[in-house]
Amino acid sequence: KAGDIPMFFADLTSLDLYDAGGNIIERDFFAISSEETIKNKLEKFTEDDMDRQVSLMERSIYVASFNKYEREDFPDLSVKKEGHIEDICYQDCLSYYKSFFEEDDYLFNINVVENGDKLALWPTDFSLYDSGGILLLSFLRKELDIPDEFFYKFTYTVNELKTQGDMGLNAYTGLGSILYFLYTFYKKDKSPLYRKNIRRTLERIEEKSLEKIENFDYFTGIGGLLAVLSTTYKDMLNNKKSEDQEIISKTLDLIKSFQNIFLHKWQVIRKKYKAGLGHGLAGIYYSLGLSYKCNENQEILDMVYDLISLEDGYYLETYNDYEDPRNQVLGNFYLCYGIVGILLVRLELYRLGLVEKSTLVEKIDKLIDQVKAGLDFSSMTYSLCHGIASLIELFVEIEAINYRKEEVRQILDKLIVEELKNSRNGYGDKIDIDSFMVGKLGKSYAIIRTFKPELPSFTLLKFDAK
């Protein structure tokens, strides 16, 4: 019948292949028997293999529990560690690296990922949101002694097995995220493999129907895509090589095309979006500001300032926060919504010369005083998207502009202690998952940035810390 899947069988000790009726299809089909295959795997089974299997079982049980039962008090499955901060973070990264396993020249790992209102297990792909830990491994490859071949095999696996879960026009899970991964790898070793894949990714973006675009935000829309096109273009231009000229030209053409789309939808954006980085105005004007530094269209700059002014209408001075448009909540200190993400991008626009420092200092001063006075960390998670790591990400950038530096460093030290004590992932549950934005790799990334200032901000889609 249509849709039926053929079923095949093998006897434990035989080399023959059988059909569903027990009839031999082909004798000596297998090189070795199933029994020998099992014995060989058991003989080669290491402690790393055991740790990987235990981790996979934990994640499977967690995903099933999350999807089936009310989440009140899941068991604490997080791993408690003691030791030097740098060693702890590097060990987490090494554990992540060792969790990948190779099979027939393919490289695999399984992530816990969001699937609507539920969770699912999915192979690691070019998703910044879920698999951004790969980027961390790339920047730390020398410190952690990770060979370049690891990143070749990872790229090869995603491409050959087509495991990329999202091919949409966005920068946190889709085509923009693919571009961000590939160019991060390309900066390290200039392999033609990455150049070829970058070119193909740009072609895929060109092939999309741009007229039907309705989502302009930073996390899930073309805002983030415009940002990564802009950061890629500027970095390539600053490190110009003749073999990159085609990619540079193609990237600039796409930037101009997206700028025109944003200008055409200016009034739609004003009506549709409110305050916030992840899904609000901040992510949009940040991306437009980056694109302006690539193609200085005055209308784009006018739009940046208009959206900043519009967003400031949602600022409540009493709380020193921007109202969360989803539920009108204040004081969550999330990267995705609220003052933390908004100040993060405005600091970057200041560094780009697009906003004045004087427009930021009052809000920064108030936030510093709020944190010094004491926050309720007990209600927070450790996650980068909406947890303590959000604050760390912002204060690393405040420290970088040498503003109230001693106080900011004291705050960072305090936040690190709270981050290390916290065992709740971005879903509020006490289990270690590898997700970058809501799991432990984002936690490691945020802490590492406090002692390794050359590590760029992945959340801002940058390739260096300048």
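Residues numbered from 1 in each chain as written. Predicted model: local features only at pLDDT ≥ 70, side-chain atom pairs only at ≥ 80, totals over all residues. Heavy atoms only, no water.

A. A look at the pairing of strand S6 (residues 110–115). Pairing between S6 and strand S7 (residues 118–123): six bridges, direction antiparallel. Residue pairing across strands places Val113 opposite Ala120, the latter belonging to S7. Count of turn residues in the S6/S7 antiparallel hairpin: two residues, of which Gly116 carries a positive phi of about 70 degrees. (Pairing = 2+ DSSP bridges. Helix = DSSP H or I, 4+ residues; strand = E, 2+ residues; numbered from the N terminus.)

B. Layout of helix H17 (residues 405–421). Taking 1.5 Å as the rise per residue, H17 with 17 residues should run 24 Å; its terminal C-alpha atoms sit 24 Å apart, in good agreement. All of the buried residues along H17 are Val408, Ile411, Leu412, Leu415, Ile416, Glu418 and Glu419. Angular distribution of buried residues about the axis of H17 spans 170 degrees; they occupy a single face of the element. Along H17, the residues that are exposed and aim more than 90 degrees away from the buried face are Glu406, Gln410 and Lys421. Where H17 is buried, its residues meet helix H3 (85–98), helix H15 (361–373), helix H16 (388–400) and helix H18 (440–451). (Expected span 1.5 Å × (residues − 1). Buried < 20%, exposed > 50% of the residue type's maximum accessible area, 1.4 Å probe, protein only. Arc of directions from axis to C-beta. Contact = heavy atoms within 4.5 Å.)

C. Local environment of unusual backbone geometry. Even without a glycine there, the phi angle at Asp145 is positive, about 60 degrees. Topologically, Asp145 is positioned in the loop between helix H5 (133–139) and helix H6 (148–161). Accessibility expressed as a relative area gives 66% for Asp145, which makes it exposed. With phi around 60 degrees, Asn402 is a residue other than glycine that occupies positive phi space. Along the chain, Asn402 falls in the loop between H16 and H17. On the basis of relative accessible area, Asn402 is assigned to the exposed category, the value being 51%.

D. Expanded view of the packing of aromatic side chains. In the structure shown here, the tally under the stated rule is 30 aromatic pairs. Residues Tyr106 and Phe108 carry aromatic rings whose centres are separated by 6.4 Å and whose planes lie at 65 degrees to one another, so their mutual orientation is edge-to-face. The structure contains a cluster of three or more aromatic residues connected by ring pairs, namely Tyr96, Tyr97, Phe100, Phe126, Phe150, Phe151, Tyr152, Phe154, Phe181, Phe185 and Tyr194. Taking NZ or CZ as reference, Lys443 lies 4.5 Å from the ring centre of Tyr382, over its face. (Phe/Tyr/Trp six-rings, centres within 6.5 Å; stacked < 30°, edge-to-face > 60°. Lys NZ or Arg CZ within 6 Å of the ring centre and 35° of its normal.)

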